[in-house]
Amino acid sequence: QVQLVESGGGLVQPGGSLRLSCAASGSISRINPMGWYRQAPGKERELVATFSSGATTVYAESVKGRFTISRVNAKNTVDLQMNSLKPEDTAVYYCKYRSGLVDYWGRGTRVTVSS
């Protein structure tokens, strides 16, 4: 079993920064995909940034240059540094880990960007 716990969300003003962290427990392999998705009100869940395999990263076009994903293998954590936040980044952010054909999701952490 895999459990994912997100932390670090909150309210921030436009242009501000937040750092999200996802702590994974259970049978975790550093070569499996693990990353961040988000779901805004009334919209479908979408990819934000992920390690697709090993150290290869994939970013959504909308966050390139502003967000950075990082991984600490020894701690089984994946962080998301979010800079220059915009109101359209407001969403619930979810951590996802994939093992074979199974996707594991965290419960999410809410990020609100507003003045």
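A brief structural summary. Throughout, a residue's number is its position along its own chain's written sequence, starting from 1. It should be noted that, the model being predicted, local features are given only for residues of pLDDT at least 70 and side-chain atom pairs only at 80 or more, the latter also being counted only at that level, while totals for whole chains, interfaces and linings use all residues. Hydrogen atoms and water are omitted, and side-chain values are computed over all heavy atoms in the structure.

A word on the overall build of the chain
In step 1: Within the chain, the regular secondary structure consists of zero helices and eleven strands.
In step 2: Counting from the amino terminus, helix and strand elements in the chain follow one another as β-β-β-β-β-β-β-β-β-β-β.
In step 3: With the C-alpha coordinates of the chain rotated into their principal frame, the extents come out at 40 × 25 × 20 Å.
In step 4: Summary of the burial criterion: residues with accessible area below 20% of their type's maximum are buried, those above 50% are exposed, and those between are partly exposed, where the area comes from a 1.4 Å probe applied to protein chains only. Across the 115 residues that make up the chain, the buried fraction comes to 39%.
In step 5: Once local pairs closer than 6 in sequence are excluded, the contacts in the chain between residues at least 24 apart make up 55%.
In step 6: With an accessible surface of roughly 6300 Å², the chain has 48% of that area assigned to carbon and sulfur atoms.
In step 7: Distance between charge centroids for the chain: 5 Å, based on 14 positive and 8 negative side chains. Strands are runs of DSSP state E lasting at least 2 residues, helices are runs of H or I lasting at least 4, and numbering of each runs from the N terminus. Whether two residues are in contact is decided by their heavy atoms: any pair within 4.5 Å suffices. Residue exposure ignores everything except the shown protein chains as possible cover, and the areas themselves are Shrake-Rupley values with a 1.4 Å probe. In summary, the charge assignment counts Lys and Arg as positive and Asp and Glu as negative, without counting His or the chain termini. Each charge is placed at NZ for Lys, CZ for Arg, CG for Asp and CD for Glu.

What to know about the state of the cysteines
Should the sulfur atoms of two cysteines be covalently bonded, the bond is a disulfide.
In step 1: Sulfur atoms of two cysteines make up a disulfide when they are within 2.5 Å. Here the structure, examined in full by the defined rule, presents one disulfide.
In step 2: Across a sulfur-sulfur distance of 2.1 Å, Cys22 and Cys95 are joined as a disulfide pair. Judged by the torsion about the S-S bond (-80°), the Cys22/Cys95 disulfide is left-handed. Taken together, the positions of Cys22 in strand E3 (residues 18-26) and Cys95 in strand E9 (residues 91-99) put the pair 73 residues apart, joining distant regions of the chain.

Examining the pattern of salt bridges
In step 1: The rule for a salt bridge is simple: a side-chain nitrogen of Lys or Arg has to be within 4 Å of a carboxyl oxygen of Asp or Glu. Under the counting rule described, the total for this entry stands at seven salt bridges.
In step 2: Arg19 is paired through a salt bridge with Asp79; the nearest N and O atoms lie 3.3 Å apart. With Arg19 in strand E3 and Asp79 in strand E8 (residues 77-82), this residue pair connects regions lying 60 residues apart in the sequence.
In step 3: For Asp79, a relative accessible area of 13% gives the class buried.
In step 4: One continuous salt-bridge network, built from bridges that share partners, spans Arg38, Glu46, Arg66 and Asp89.

Points about the sheet that holds strand E1 (residues 2-7)
Adjacent strands of a sheet form backbone hydrogen bonds with each other and so pair up, either parallel or antiparallel.
In step 1: Criterion used throughout: strands pair if DSSP finds at least two bridges between them. Taken in spatial order, the four strands line up as E1-E3-E8-E7 in an open sheet, and their pairing is antiparallel. The sheet is open, and its two borders are formed by E1 and strand E7 (67-72), each paired with just one other strand. Averaged over all adjacent pairs, the angle separating strand axes in this sheet is 15°, with direction ignored.
In step 2: Of the strand pairs in this sheet, E1 and E3 are connected by six bridges, and their pairing is antiparallel. Note on E3: the bridge partner recorded for Val5 is Ala23. The axes are straight lines fitted to the C-alpha atoms, using for helices just the contacting stretch, and the angles between their N-to-C directions are given from 0 to 180°.

Looking at the nonpolar core
In step 1: As used here, the term nonpolar core means buried Ala, Val, Leu, Ile, Met, Phe, Trp, Tyr and Cys residues forming a set that is joined through side-chain atoms within 4.5 Å. Judged by nonpolar contacts, the single largest core of 28 residues is most densely connected at Trp36, Leu80, Met82 and Tyr93.
In step 2: Those elements that provide at least two residues to this core are E1, E3, strand E4 (34-39), strand E5 (46-53), E7, E8, E9 and strand E11 (109-113).
In step 3: Look past the residues within four positions of Tyr93 in its chain and what remains in contact with it is Glu6, Leu20, Trp36, Tyr37, Arg38, Val48, Phe67, Leu80, Met82, Gly108, Thr109 and Val111.

Details of the packing of aromatic side chains
In step 1: Working definition: rings of Phe, Tyr and Trp (its six-membered ring) pair if their centres are within 6.5 Å, and the pair is stacked with planes under 30 degrees apart, edge-to-face with planes over 60 apart, and tilted otherwise. The tally for this structure, following the rule as stated, stands at three aromatic pairs.
In step 2: Relative to Trp105, the ring of Tyr37 lies with its centre 5.3 Å away and its plane at 70°, an arrangement referred to as edge-to-face. In this pair, Tyr37 is assigned in strand E4 and Trp105 in strand E10 (residues 102-105), connecting sequence segments 68 residues apart.
In step 3: Measuring from ring centre to ring centre gives 6.4 Å for Tyr97 and Tyr104, while their planes differ by 35°; the resulting arrangement is tilted.
In step 4: The buried category is assigned to Tyr97, whose relative accessible area is 0%.
In step 5: Sitting above the plane of the Tyr94 ring, Arg45 keeps its charged end 3.7 Å from the centroid.
In step 6: A cation over a ring is seen here: Arg71 above Phe51, with NZ or CZ 5.7 Å from the ring centre. The rule for a charge over a ring is simple: NZ of Lys or CZ of Arg within 6 Å of the ring centre, and within 35 degrees of the ring normal.

None of this, on its own, says anything about what the molecule does.
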